[in-house]
Amino acid sequence: MAGNPQLSRIRNIGIMAHIDAGKTTMSERILYYCGRTHKLGEVHDGAATMDWMDQEQERGITITSAATTAAWKDHQISLIDTPGHVDFTAEVERSLRVLDGAVALFCAVGGVQPQSEQVWRQSEKYNVPKIAFINKMDRVGADFYHVVSRIENVLGTNPVPVVIPIGKEDSLRGVIDLIRMKAIIFADADSGTTFHEEDIPADMQEEAEEWRTNLVEKSAEQNDELLEKFLSDGELTEAEIMKVVREATIARKIVPVYCGSAFKNKGVQPMLDGVVDFLPSPDDIPPIIHAHDEENIRHHSSDDPMSALAFKIMADKHMGKVTFIRVYSGILKAGDTIYNASKEKNERAGRLLRMHANRQENIDKAMAGEIVAVVGLSDTRTGDTLCDKNHPIILESIEFPAPVISISIKPEGRADNDKMGEALHRLADEDPTFTVHFDDETEETIISGMGELHLEVLVERLRREFNVACEVGRPEVAYRETATSPTDGDYKHAKQSGGRGQYGHCYLRLQPVEPGHGFAFINEVKGGNIPSEYIPAVEKGVIRAMEKGPYAGYPVVDMHVTVYDGSSHDVDSSEFAFIEAARVCFRNLFMKGSPQLLEPVMSVEVSAPEEYMGSITGSICSRRGRIENMDDLHGQKVVRGMVPLSEMFGYSNDLRTMTSGRGSFTMHFERYEAVPFSLAEEIIKKRQAENKIR
Ligand code: GDP
């Protein structure tokens, strides 16, 4: 599409799916039908257009979230790739934040698999309207109606077929369009991409009528006027049905359901019509609001001041840093100086690009509602707001969980040393759940992330994209520590050694707070007992003590610290003396407040045939896990439970052995919980022996 589209003709969508449900194949088909790519590349050829990185193709999972723009029936569709693997939750959340609607893909045999459920729930959190596509209808065991009922029961939603399949497995021929009451028959050859319309087969007429009534009834429930008309006349016009389905979908009262086989080129075009007909344009969603000021809003309109959110940063070999943004309001022109309100810095948007599957299009401006890539932003990170400096706004920034697992990493050769540092920082720029730090004591570079696979993938990227060879240590759990009872007291740091002495003295109150409530520093010193210029030093001392906690040498979390009194000396007081006083005071008080070690606990889902259930539940319990529930899924059992991360190392091998390779599992970080006391003592003893506690 040349130029910029009208707002109502934009669809920013994502495809959400369980790994292997066919997301890559579907994305590639969509881009093919949208006329932007001209060769059908199969996933197994490794030629799928959406897979940016070699590695994704090798592993067969989609890791990064790139945005690709295509056109369908006079609409601009931007496809935002949402990763299916829950280790990359931040990527999923980030993409859900900027899309307006989604296609949820399910396997016609596998149905609602554990990860589809999780991504679904995340999308509900962001109020994303959805349509569903039941894929792989050509596979043996495909059951459209069963999957529809699973979507209803497991996901607690209201799926409404707008097409039903004609035939299944080998004899899948096409679908019946329940709105137009026509049969759409797809070309039979595997490589065929055409279809023709014909009358509904006589033996399916009745079934189609029933499903059409279901569609109209469920969709019209939201529209009193049309519901009444339907109840009295028994019929609505095509245009009226389109209207009620669209309204109900956007209001998230129904989920229109499509089906077919992406692989066999069946059913994709009707679904693309569904994207255009039923998923919202930016025009249909509420205005966007300042994260901390409800009065400050931007309408999805090019007439409002410019605002945009950076949701993805990629390092491109040729262009350098590429920032994917969603423009919410106003117009962004190439070459504009814009304001990064999150960092309080000006930035220059050098080039603007619309990314297509196989080419990049330079554009001179991006309008409200569009998703584009910007080259030239140096300080912008994922989650930052970019806006018009005269009309600053901070769009709700995305909250990312803190990393739960760390490994040490070291370059193989000297030449890799500098390259590694730079590459790690580039990767950390792209991914807010990935952090890098240098441990002064052990002189090691430590990288931290959301799971073993997450770090494995990043180390792999170091090797492939940045040509850095490195060795990694054993993964270690990122423990935290906190106190469980409030304490208060003072410490005086006073030294008289020859010349000028040192004098700092403070009273602190330590208050443990609810998990996740973080750190706060409160100053209640009266009458200048600690001169105000030294208060920041007290805070610094506290923060320093919290970085490596006194209990086990791990970061201290969830404490509010108040300085409420102290004293100073005219000559001997200094910043350093107050830092020391506060640091030691905090350490002493913390140890009196019944300290506790905290560990990341993962929510784990294991699926396997029923005969292995005994060993699987046993394996969870023996890992200090709790079973939460069990479910049936197509002859498989799914066990859900909570297990400490430290007990999950090596689980994939154990599970493979236990189930002769027939079991699979997924896990993601849920929350921090206290480590049982005796175990905590053991961990601490070990760390003392390694000199890791000061
Ligand atoms: P992703 O992991 O969700 O991106 O799934 P892929 O697109 O990589 O597909 C996983 C596997 O399922 C690949 O081997 C595909 O060829 C296959 N596949 C995808 N769609 C279909 C389909 O409609 N029918 C059948 N039989 N196989 C499919």
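Look up: the structure comes first, before these words.
Only a predicted model underlies this, so the values are computations on that prediction, with no experimental measurement involved.

Trainee: For this particular structure, what's the right way to read the pairing of strand β33 (residues 559-567)?
Mentor: Regular strands have side chains that alternate between both faces of the sheet. With eight bridges joining them, strand β31 (residues 502-512) and β33 adopt antiparallel strand pairing. The residue bridging R509 from the neighbouring strand is T562, located in β33. In this structure, strand β32 (residues 520-523) lies alongside β33, joined through four bridges in parallel fashion. Along β33, the bridge assignment pairs A520 with H560. Handedness of the crossover joining β32 and β33 through helix α12 (residues 535-547) is recorded here as left-handed.

Trainee: It is not clear to me how the site of the ligand should be interpreted in this structure. Could you clarify?
Mentor: Every one of the 17 residues lining the ligand counts as a neighbour, but D20, K23, T24, T25 and D138 are closest to it. In the model, an oxygen atom of the ligand is placed 3.4 Å from a nitrogen or oxygen of the A21 main chain. Here T25 contributes a side-chain N or O atom positioned 2.5 Å from an oxygen atom of the ligand. Considered on its own, the ligand offers 570 Å² of accessible surface; in the complex 85% of this is hidden by protein. Considering each element in turn, the shell around the ligand owes the most residues, three residues, to helix α1 (residues 23-33). Split into classes, the residues belonging to the shell around the ligand amount to five nonpolar, seven polar and five charged.

Trainee: I would appreciate a short explanation of the environment of F677 in the present structure.
Mentor: One can find F677 in helix α16 (residues 677-689). Once the C-alpha coordinates of F677 and Q596 are considered, the two residues, 81 residues apart in sequence, prove to be 7.8 Å apart.

Trainee: How should the packing of helix α14 (residues 613-621) against helix α15 (residues 651-658) be read in this particular structure?
Mentor: When two helices pack together, their arrangement is given by the angle between the helix axes and the distance between those axes. As a packed pair, α14 and α15 sit with axes 10 Å apart at the nearest point and diverge in direction by 155°. The pairing of α14 with α15 is recorded here as roughly antiparallel in orientation. Like other packed secondary-structure pairs, α14 and α15 cross with a definite hand, here right-handed. In this structure, α14 uses S615, I616, S619 and I620 to contact α15, whose residues at the interface are Y651, L655 and M658. Looking at the contact of α14 with α15 residue by residue, the class counts come to five nonpolar, two polar and no charged.

Parameters and conventions
Residues numbered from 1 in each chain as written. Predicted model: local features only at pLDDT ≥ 70, side-chain atom pairs only at ≥ 80, totals over all residues. Heavy atoms only, no water. Pairing = 2+ DSSP bridges. Helix = DSSP H or I, 4+ residues; strand = E, 2+ residues; numbered from the N terminus. Right-handed = clockwise from strand over helix to strand, strands pointing away. Near = heavy atom within 4 Å. Polar contact = N/O pair within 3.5 Å; in protein donor to acceptor, adjacent residues only side chain to side chain. Areas by Shrake-Rupley, 256 points an atom, 1.4 Å probe, with all protein chains shown as cover. Nonpolar A, V, L, I, M, F, W, Y, C, P; charged D, E, K, R; others polar. Axes fitted to C-alpha atoms, helices over the stretch in contact; angles between N-to-C directions. Parallel < 35°, antiparallel > 145°, perpendicular 65-115°, else oblique. Left-handed = near helix turned anticlockwise from the far one by under 90°. Contact = heavy atoms within 4.5 Å.

Any functional reading would require information that these geometric values do not contain.
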